[in-house]
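Residue-level structural notes
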Amino acid sequence: MELRLAEVFASLRSAQAQADAPLCAYVYDLAALRRHAANLADSMPDGCELFYAIKANSDRPILQTLAPLVAGFEVSSGGELAWVREHFAEVPVIFSGPGKLDQELRQAIEQDVDCLHVESLHELQRLADIAGRAGRTAPVSLRINLTVDKLAETGLMMGGKPTPFGIPAQQLRECLEWLRAHPEIHLRGFHFHLLSHQLDAAAHLQLVAAYLAQTRRWCEDYGLDIDHINVGGGIGVNYRQPDRQFDWPAFSAGLATLLSECGMPGVGVRFEFGRYITAACGYYAMQVIDIKRSHSKTFVVGRGGTHHFRTPYAQGHSHPFHVLPIDAWPYPFPRPEASNDTVSIVGQLCTPKDVLAFDAPVESVRCNDVLVFPYAGAYAWHISHHDFLRHPHPAQWYLPVE
Ligand SMILES: Cc1ncc(COP(=O)(O)O)c(C=O)c1O
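Residues numbered from 1 in each chain as written. Predicted model: local features only at pLDDT ≥ 70, side-chain atom pairs only at ≥ 80, totals over all residues. Heavy atoms only, no water.

This brings us to the overall build of the protein. Looking only at helices and strands, the protein has 11 helices and 19 strands in total. Relative to the 2.2 N^0.38 estimate, which gives 21 Å for 402 residues, the radius of gyration of the protein is 23 Å and therefore close to what a compact globule would have. Across its three principal directions, the C-alpha atoms of the protein cover 80 × 45 × 40 Å. The buried share among the 402 residues of the protein stands at 55%. Only carbon and sulfur atoms are counted for the fraction: they give 51% of the accessible area of the protein, which is about 17,400 Å². The centroid of the 33 positive side-chain charges in the protein is displaced by 4 Å from the centroid of its 44 negative side-chain charges. (Helix = DSSP H or I, 4+ residues; strand = E, 2+ residues; numbered from the N terminus. Rg over C-alpha atoms; globule rule 2.2 N^0.38 Å. Buried < 20%, exposed > 50% of the residue type's maximum accessible area, 1.4 Å probe, protein only. Areas by Shrake-Rupley, 256 points an atom, 1.4 Å probe, with all protein chains shown as cover. Lys, Arg positive; Asp, Glu negative; His and termini not counted. Charge placed at Lys NZ, Arg CZ, Asp CG, Glu CD.)

Written as structure tokens, this is what we have:
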């Protein structure tokens, strides 16, 4: 994951110089995104496909950059499906998510999604009813909530224990028996997404190995003929220690070995990454409005806050940031500054929860400097409560693909 800080800083400086109010912006580096996604797709072993989970960031320029590089988009709502189809009529789409409405199942069939990931027997029954009425066959993968031996948990678990996601493996037999009597459903494979925030390449390889081994057993036990397994997304970004990121080269090399030893002939392996594809291309920037001491703590108040950039609060971390010095100072009185201090970075909301970074050491930060938060391209703007307090939305721009 490449960060091109010099280019981002230059574009922020030039925007700040022209602004007539403190700056608050998202900047996305599409050239870095393209290189990163191309590298991921190119370094996957034969038989693997990379989909992008658009929930992480569904902005059109992001999708336009990724569309030629990935095998397709994973969507999790009728709204995401409509958005993709409006702009990318031909891109293959796979459809996940709990609580799909009948209307969404119908839309998925009409829009020719490549595969629906079904979350329960009841959903399967509703889908069969809808497909039958339309005279169509629905391609599905069953999303299974698998119990995996010695599963190393991360901070965000979607399975491996009681959760609303997927079909517990104990209910698989019943689903498969039901499927035998319903040719309007075509079982294409199995889908797994047990966790997100995975930072450990070896642990993730073990998880993929467990999915493969289990799928092979089911195919043998039930005489199934499937064409792929989807091993989900889940690769994390190390916000706490940005210089220690997921070891992608080790993972892709290990995956090649795993597939050559334990792959199933004719069964492809799909990935649907969100965070790991887009996090590093985005930056959230806020200009410092105030710096104050309160009960022996230093608070740096920036323009914006968690209503724009909810990622740190959502994940409970102190987000890394850079201080971009801005030398201009428009007032006749001294400039507030914190130097060689430990600070909290907060926003403009009237809640003590509006904190983007805490216990953060800084050499120097002054009012009017710009704080730049990297790794803000995924689950950032799109998961934030934009309209709380009716502050204006941040500017957004894209550094072009060269
Ligand atoms: C079914 C499914 N697939 C893929 C993803 C993407 O996960 P990540 O962004 O961790 O790669 C999610 C995220 O919640 C998901 O629920």
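Quick look at helix H8 (residues 201-222) now. Taking 1.5 Å per residue, 22 residues should reach 32 Å; H8 reaches 32 Å between its end C-alpha atoms and fits that length. Measuring from the backbone nitrogen of Ala202 back to the side-chain oxygen at the start of H8 gives 3.0 Å, which picks out Asp200 as the cap. With its phi angle positive at about 60°, Gly223 sits one or two positions after the end of H8. (Expected span 1.5 Å × (residues − 1). Polar contact = N/O pair within 3.5 Å; in protein donor to acceptor, adjacent residues only side chain to side chain.)

Now for the site of the ligand. Near the ligand there are 15 residues, and of these Ser196, Gly234, Glu272, Arg275 and Tyr379 occur at the shortest range. Within the side chain of Ser196, one N or O atom sits 2.7 Å away from an oxygen atom of the ligand. Contact distances for the ligand include 2.8 Å between an oxygen atom and a backbone N or O atom of Arg275. Protein chains shield 92% of the accessible area of the ligand, which is 390 Å² for the free molecule. A breakdown of the residues in the shell around the ligand according to their chemical character gives 4 nonpolar, 6 polar and 5 charged. (Near = heavy atom within 4 Å. Nonpolar A, V, L, I, M, F, W, Y, C, P; charged D, E, K, R; others polar.)

Our next topic: the packing of helix H5 (residues 102-110) against helix H6 (residues 121-134). Where H5 meets H6, the axes come as close as 10 Å, and the angle between the chain directions of the two elements is 55°. Between H5 and H6, the interaxial angle falls into the category oblique. Between H5 and H6 the crossing geometry is right-handed. Every residue of H6 that contacts H5 at Asp102, Leu105, Arg106 and Ile109 is listed here: Glu123, Arg126, Leu127, Ile130 and Ala131. Residue composition of the contact of H5 with H6, grouped by class: 5 nonpolar, no polar and 4 charged. (Axes fitted to C-alpha atoms, helices over the stretch in contact; angles between N-to-C directions. Parallel < 35°, antiparallel > 145°, perpendicular 65-115°, else oblique. Left-handed = near helix turned anticlockwise from the far one by under 90°. Contact = heavy atoms within 4.5 Å.)

Before going further, it helps to examine the nonpolar core. Core analysis: the biggest nonpolar cluster contains 113 residues, and Tyr52, Phe73, Leu124, Leu142 and Phe271 have the highest contact counts within it. No other element matches the 9 residues that H8 contributes to this core. Counting 14 residues, the second largest nonpolar core, distinct from the first, contains Leu12, Leu23, Ala285 and Trp397. (Core = buried A, V, L, I, M, F, W, Y, C linked by side-chain atoms within 4.5 Å.)

Turning next to unusual backbone geometry. The phi dihedral of Ser296 falls on the positive side, at around 70°, and the residue is not glycine. For Arg390, which is not a glycine, the phi torsion comes out positive at approximately 55°. With respect to the helices and strands, Arg390 occurs in the loop between strand E18 (370-373) and strand E19 (395-399). Residue Arg390 is classed as exposed on the basis of its relative accessible area of 74%.

Another point: the side chain of Glu80. Tracing the backbone through its elements, the reader meets Glu80 in helix H4 (residues 78-87). An unpaired buried charge is present at Glu80: no salt bridge exists, and Lys55, the closest side chain of opposite charge, is 5.7 Å distant. Among the polar contacts made by the side chain of Glu80, one reaches the main-chain amide nitrogen of Ser76 at a distance of 2.7 Å. The contacts of Glu80, once residues within four sequence positions are left out, are Ile54, Lys55, Glu74 and Val75. (Salt bridge = Lys/Arg side-chain N within 4 Å of Asp/Glu carboxyl O.)

Relative to the helices and strands, Pro374 resides in the loop between E18 and E19. For Pro374, a relative accessible area of 3% puts it in the buried group. Taking the C-alpha atoms as reference, Pro374 lies 25 Å from Cys350; in sequence the two are 24 residues apart.

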